[in-house]
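Results of the structural survey
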Amino acid sequence: MRVVAELACRKCKFISIDSNVCKNCGSSELTKEWYGYIIVIDPEKSEIAKKLGIKIPGKYALRVG
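Residues numbered from 1 in each chain as written. Predicted model: local features only at pLDDT ≥ 70, side-chain atom pairs only at ≥ 80, totals over all residues. Heavy atoms only, no water.

**Here's the deal with the sheet that holds strand 3 (residues 30-31)**
Taken in spatial order, the 3 strands of this open sheet run 2-1-3, and their pairing is antiparallel. Only two strands of the sheet have a single partner each, and these edge strands are strand 2 (15-17) and strand 3. Bridging between strand 1 (residues 6-9) and strand 2 involves 3 bridges; their strand directions are antiparallel. Within strand 2, the position partnered with L7 by the bridge is S16. (Pairing = 2+ DSSP bridges. Helix = DSSP H or I, 4+ residues; strand = E, 2+ residues; numbered from the N terminus.)

This is the structure we're talking about:
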């Protein structure tokens, strides 16, 4: 069985799966240390996404260590 690592970007908090580079902003500053998450489907209609500055749909960490 293969273990999948979910890594959060330290810059934009986007969560990527088994990647060395953030698929959202291109940063290579990824970490396994993150807590809580939010899934944004429609950033333009989401008040939370607007507050957090999220413009691209996806899974985002609430806090990155």
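**Section: the environment of Y60**
If you trace the backbone, Y60 turns up in strand 5 (residues 58-64). Judged by relative accessible area, which is 3%, Y60 ranks as buried. Separated by 30 residues in sequence, Y60 and L30 place their C-alpha atoms 12 Å apart. Dropping the residues within four chain positions of it, Y60 is found in contact with C12, K13, F14, I15, N24, G36, Y37, I38, V40 and I54. Here the side chain of Y60 touches I56 through a polar contact of 2.5 Å, landing on its backbone oxygen. (Buried < 20%, exposed > 50% of the residue type's maximum accessible area, 1.4 Å probe, protein only. Contact = heavy atoms within 4.5 Å. Polar contact = N/O pair within 3.5 Å; in protein donor to acceptor, adjacent residues only side chain to side chain.)

**Quick look at the packing of aromatic side chains**
If you walk through the whole model with that rule in mind, you get 2 aromatic pairs. Ring geometry for F14 against Y60: centres 5.3 Å apart, planes inclined by 80°, an arrangement best described as edge-to-face. Residue F14 is found in the loop between strand 1 and strand 2, and its partner Y60 is found in strand 5; the two are separated by 46 residues along the sequence. Among the residues examined, F14 registers a relative accessible area of 12% and is labelled buried. (Phe/Tyr/Trp six-rings, centres within 6.5 Å; stacked < 30°, edge-to-face > 60°.)

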